Amino acid sequence: MEFKYKILKGIDISGLNFLSPVVRLATGEEPAKQLREIGRFIVVPIIAFLAFLWLWSVVAPKHKTKAGEVPTPAVVWDATGGIWRFHEYETQKDQAYQLTGGTRLDTLGKAKARMAELDALEARAKEQLAAAEASSKEKFDARVAPSKKAYDDAREASKDARRTRTEALKAEAAQLAGATPEQRETFLNHLRDADAAAEAEKKSLDGLKAAYADAQTVTFPETKDARRTVTVLAEERQFLVKYLDMLGDNSREAKVADAKAKAEEARSAFLNAGPDEDLYKLGSTVLKRQELLATTAASQYAKPWTLPKQIVRSLLCVFSGFLLASFIAIPIGILCGLSPTFMAATTPFVALFKPVSPLVWLPIIMIIVGGFMPDPENHWLIVLLGKVPFLGNYKIDPMFLSSAITVALCSLWATLVNTALGVGSVDKDHMNVARVLRLGFWSRLFKIVIPTALPLIFAGLRISLGVGWMVLVAAEILSTSEGIGKFVNDMYTNGSSQSFAQMFVVVFIVGFIGMALDRIMVVFQRLVSFETAGSTL
Amino acid sequence: MRFRLIIPALVGLGSQLAHAEKLAVEKDELKFGFIKLTDCAPIVIAKEKGFFEDEGLQVEVIAQSNWKVLLDNVITGNLDGAHMLSGQPIAATIGIGTEAHIVTPYTLDLNGNAITVSNSIWEQMQENDPDLDSDTPEHPISADALKPITEDMLAEGKKLQMGMVFPVSTHNYELRYWLAAAGIHPGYYSKTDVAGRTDAEVELSVTPPPQMPATLEAGTISGYCVGEPWNQQAVAKGIGVPVVTNYEIWKNNPEKVFGVTKKWADENPNTIVAVTKALIRAGKWLDETVDGKLVNREEACRILSQPNYVGADFEVIKNSMTGTFAFQKSDIQDMPDFNVFFKHDCSYPWYSDGVWFLTQMRRWGQITETKPASWYAETAKKIYLPDVYMKAAESLISEGHLAEDELPKTTDGYKPATKDFIDGNEFDGKKPIEYLNSFKIGIKDDPSMATK
């Protein structure tokens with residue numbers, strides 16, 4: 001029983017209230033009521049989400065854009081697979097480069113076996129594609145032929161008609177020499193009629209042309225699927241070629257062995273050199289080769305950024321910005337809350353800078369940060385951050401700092417305003433008691449002011465983190481700082497048949513992470529709140 | 001087990017060819033930037049085919065969102081080097097836009113751009129010139145059929161809007177060249193008019209390459225000049241018609257270069273040679289032919305279609321990189337030289353290429369003052385580094401990766417005078433002032449400058 005209440009309390013604090021009926025049902029508390037609750041808070045949302053998926057998969061294909069059809073859930077799922085595959089490939093290459101000894105040779109053997117399988121698979125896929133293309137070409141021709149014929153015929157007819165009309169008019173004009181002004185006016189009318197007729201023909205031609213163009217937009221799923229299979233296999237071959245190379249002749253082990261042999265050779269040449277040889281030259285060769293050996297041994301595969309790593313970097317960036325924002329906003333907020341004069345002094349800044357978009361801040365920040373770091377790779381801050389464990393793996397550069405600062409600048413306002421509000425609303429009685437007890441400034445601050453204001457401060461922080469997460473993606477797109485934003489921008493610029501679906505994948509990832517961040521902040525907020533107010537969504 | 005067998009062989013080779021010593025690179029982990037265009041291929045291929053690794057370099061290749069960001073990242077040191085527009089190192093060095101001394105040891109490619117117009121402009125051009133109203137019109141198509149359209153629009157108080165990718169891009173100069181060759185004024189730049197619209201009959205604006213098709217479709221612009229795959233994309237999506245390629249505007253014109261800052265080049269003298277070596281091998285690999293057929297292009301397209309590189313569909317990239325160019329779905333032409341990466345002494349950093357860009361910058365007023373002919377030669381020498389290229393090439397020859405006869409035969413770094421332009425005008429890199437004064441439309445300089 002004790003245990004059950006602990007779980008329920010935990011659920012309440014984490015804001016996952018929809019789980020509590022499940023716990024209560026498991027312990028047999030009012031089953032009928034719990035089932036009703038489960039129906040309302042778990043089954044209904046699931047049904048709603050399924051309905052959304054269904055509606056999406058039905059509506060999406062109806063809207064054709066020039067960038068391809070709007071992807072259905074299935075296509076988006078497929079794109080997720082593609083993104084993951086790319087990540088896997090790159091990770092495997094990275095690992096392959098570092099493998100040594102038996103493991104390397106084993107992996108090499110396996111990869112070679114897979115390569116051998118691939119030949120047959122690829123041949124079959126290509127055959128299928130050829131067959132699909134042939135059959136769809138027939139269908140395409142059959143579908144397009146009538147509208148093409150209609151358009152071509154109409155175009156010819158219109159050309160003929162125009163020629164006949166022009167000839168007739170020219171003939172008429174030739175006889176106008178001795179005509180009266182009235183007759184000439186009539187001729188002008190004829191000319192006008194001819195123009196109108198040409199206009200009308202052009203209009204109907206345009207209609208036919210549109211129909212012809214529309215018929216051409218038809219796509220055949222079987223060809224698409226066959227091409228997709230060919231592409232996936234070709235990508236795998238591409239990967240395997242490089243993978244084999246990195247496991248074989250170009251593995252670090254092989255390169256180090258080569259460099260070592262060369263260094264040894266140079267050393268022995270130097271040690272055993274006769275008196276008439278250039279010892280200075282031989283000696284520097286030894287040093288050069290030893291240096292080369294050292295760099296080879298320490299070399300790493302230059303792995304491109306993949307989405308999972310970009311997500312982590314984005315999270316790091318948003319938290320850096322968020323921490324920075326908190327360090328600025330909370331003290332200033334407290335001062336604002338304590339002193340109405342200080343508040344009056346800050347208000348114009350808050351009012352002025354709060355509405356500024358991240359897209360305005362970012363270029364400014366980039367220029368300022370860039371100004372501090374003329375040689376970023378050797379700047380002390382970058383070197384320092386590069387040495388921090390974990391963080392160091394994510395290549396902290398000026399772009400990262402600029403994005404983080406932009407996040408901070410855009411998100412600090414919510415915390416600042418909420419903190420000021422929280423501090424300002426401290427009960428007068430509490431302050432009077434503090435005065436009676438003759439508490440100093442600092443004890444008053446930490447014993448009374450901050451604890452009272454804490455729930456509101458956390459409410460502010462929660463909003464700040466949400467804003468920061470939204471701002472970050474925009475900042476990354478603009479600064480080309482590696483992260484989710486850069487991924488979206490890259491996919492957009494790729495403009496391939498997969499891009500559209502890949503951007504949808506990002507929508508869900510960004511949404512999911514945003515939701516998780518919010519939940520975390522809710523937990524903190526609840527932990528510091530005295531009252532157990534109802535859940536806020 | 002293979003590597004164990006190879007090592008003794010390598011060691012043996014190493015002692016025979018003492019001068020084939022691996023370069024002691026100053027920096028072995030490099031970051032190169034690129035824009036998602038197929039002409040970044042040499043950089044990507046040098047990485048994927050292991051040519052960088054052969055030089056002991058681990059290179060990260062990072063996509064940049066636009067040319068300005070790319071250049072800034074090179075200048076600030078976030079990137080070691082990058083795929084650049086030929087005009088970028090020149091403009092940066094002489095101070096058009098962001099000022100910084102950028103140098104280039106390697107020209108990445110020739111040609112590769114095209115001018116695309118929207119479907120409605122194409123229809124009007126067909127009305128103006130019935131010869132164009134065919135499934136396979138005759139090429140090259142000049143802007144003559146466009147002139148009446150611009151005139152009609154001017155009469156209505158409107159100006160035709162076209163897009164190009166950057167003020168100092170080859171695309172800007174090519175589009176201007178094509179328009180001006182038909183007597184359409186694309187407008188001058190001046191100290192106060194940095195948009196280059198003074199006297200313009202057609203207004204040009206900057207749009208990042210990947211956004212060209214969308215901007216054309218939205219009707220903001222009626223045409224654009226851009227590299228691949230964005231012209232083929234317009235054909236594939238049916239939103240526009242490429243009318244002319246830059247190969248037809250100027251046969252074998254220099255397009256992109258590999259640029260680094262002067263400071264970086266000075267600090268890393270061996271690394272820059274090592275990078276150039278890898279790039280030369282990549283260029284050669286890309287242009288390898290067997291019986292006149294480009295044999296490696298299909299693999300290159302596969303590599304480029306990876307999402308971290310160009311990322312467009314393989315089929316779309318293949319259209320322009322395997323020797324054909326689709327003007328319309330019905331009009332696919334053989335164009336074996338549409339993308340040149342090594343042939344025709346492409347990759348050598350020619351001074352005359354630099355002079356051509358300088359003349360265009362002067363022609364359209366980006367260079368605001370009159371300059372003597374000697375200035376053109378000196379400026380080109382500040383930016384192009386043929387010495388680095390030759391050092392790299394010689395090292396490759398000694399390693400057996402390059403043949404002696406694959407080197408350009410030049411003594412002074414100038415290409416011979418050529419008339420391979422759409423208007424038949426002659427360009428001689430040694431006579432910039434005469435060249436400037438030979439254009440009907442464009443700023444002209446005092447002929448006496450030719451001898452100063």
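Everything numeric here is computed off the predicted structure, so don't read it as measured data.

Asker: Looking at this structure, how should I read the domain arrangement of chain A?
Answerer: Many authors give the size of an interface as the accessible area that is lost as the parts come together. Taken domain by domain, chain A comprises domain 1 (2-62), domain 2 (101-228), domain 3 (251-298) and domain 4 (307-528). Domain 1 of chain A and domain 3 of chain A are separated by 69 Å when their C-alpha centres are compared.

Asker: What exactly am I supposed to notice about helix H12 (residues 358-372) of chain A here?
Answerer: Residues lying three or four places apart along an α-helix face the same way, a consequence of the helix completing one turn every 3.6 residues. All names here are of chain A. Here H12 is 15 residues long and its end C-alpha atoms lie 21 Å apart, about the 21 Å a rise of 1.5 Å per residue gives. Along H12, the residues that are buried comprise Pro358, Trp361, Leu362, Ile365 and Val369. The arc enclosing the buried residues of H12, seen along the axis, measures out at 100°, which places them on a common side. The exposed residues of H12 that point more than 90 degrees off its buried face are Ile367 and Gly371. The N-terminus of H12 is capped by Ser357, whose side-chain oxygen sits 2.9 Å from the backbone nitrogen of Leu359.

Asker: Would you explain the side chain of A:Ser479 in this entry?
Answerer: All names here are of chain A. Within the fold, Ser479 resides in helix H16 (residues 441-479). Taking relative accessible area as the criterion, Ser479 reaches 1% and is therefore assigned buried. Discounting chain neighbours no more than four positions away, the residues touching Ser479 are Leu362, Met366, Met399 and Ser403.

Asker: It is not clear to me how the domain arrangement of chain B should be interpreted in this structure. Could you clarify?
Answerer: Residue and element names in this part refer to chain B. Per the domain assignment, the segments making up chain B are domain 1 (18-111 + 255-307 + 341-349 + 385-412) and domain 2 (113-249). For domain 1 and domain 2, the distance between their C-alpha centres works out to 30 Å. Three residues, Leu37, Asn111 and Glu255, lead the burial of domain 1 against domain 2; their summed loss comes to 37% of the area buried on that side. Connecting domain 1 to domain 2 are zero salt bridges. Counting across the domain 1 and domain 2 interface gives three residue pairs in polar contact (both at pLDDT 80 or more). Elements represented by at least two residues in the side of domain 1 that touches domain 2 include exactly helix H4 (67-76) and helix H5 (87-94). The element best represented in the side of domain 1 that touches domain 2 is H5, accounting for three residues. Within the side of domain 1 that touches domain 2, the residues separate by chemical class into five nonpolar, four polar and four charged.

Asker: Which parts of the structure should I look at to understand the sheet that holds strand S2 (residues 58-63) of chain B?
Answerer: Pairing between the strands of a sheet is mediated by backbone hydrogen bonds and can be parallel or antiparallel. Residue and element names in this part refer to chain B. Spatially, S2-S1-S3-S11-S4 is the arrangement adopted by the five strands of the open sheet, whose pairing is mixed. With one partner strand each, in any of the chains shown, S2 and strand S4 (102-107) form the two edges of the open sheet. Each adjacent strand pair in this sheet contributes to an overall mean axis angle of 30°, direction not counted. Both strand S1 (residues 29-34) and strand S3 (residues 81-85) contribute to a ladder of two bridges, which runs parallel. Directly across from Phe32, in S3, lies its bridge partner Gly81. Packing against the sheet, H4 makes contact with S1, S3, S4 and strand S11 (256-261), and its axis sits at approximately 140° to S3.

Asker: Would you take a moment to explain the pattern of salt bridges for this structure?
Answerer: Pairing of side chains with opposite charge becomes possible as their charged atoms draw close. Overall, the coordinates contain 47 salt bridges over all chains when judged by the stated rule. Linking A:Lys149 and A:Asp153 is a salt bridge whose minimum nitrogen-to-oxygen distance equals 2.9 Å. Here the residue A:Lys149 and the residue A:Asp153 both occupy positions in helix H5 (residues 101-174), the gap between them amounting to four residues, near one helical turn. Residue B:Glu267 pairs with B:Lys263 through a salt bridge whose shortest N-O separation is 3.8 Å. Of the two residues, B:Glu267 and B:Lys263 both sit in helix H12 (residues 262-267), four residues apart, roughly one turn of that helix. By relative accessible area, B:Glu267 is classed as partly exposed at 48%. Here the residues in one salt-bridge network are A:Lys4, A:Arg24 and A:Glu29, joined through shared partners.

Parameters at a glance
Residues numbered from 1 in each chain as written. Chains lettered and ligands numbered in written order. Predicted model: local features only at pLDDT ≥ 70, side-chain atom pairs only at ≥ 80, totals over all residues. Heavy atoms only, no water. Domains from an automatic or database assignment. Helix = DSSP H or I, 4+ residues; strand = E, 2+ residues; numbered from the N terminus. Expected span 1.5 Å × (residues − 1). Buried < 20%, exposed > 50% of the residue type's maximum accessible area, 1.4 Å probe, protein only. Arc of directions from axis to C-beta. Polar contact = N/O pair within 3.5 Å; in protein donor to acceptor, adjacent residues only side chain to side chain. Contact = heavy atoms within 4.5 Å. Buried area = accessible area lost by both parts, 1.4 Å probe. Salt bridge = Lys/Arg side-chain N within 4 Å of Asp/Glu carboxyl O. Nonpolar A, V, L, I, M, F, W, Y, C, P; charged D, E, K, R; others polar. Pairing = 2+ DSSP bridges. Axes fitted to C-alpha atoms, helices over the stretch in contact; angles between N-to-C directions.

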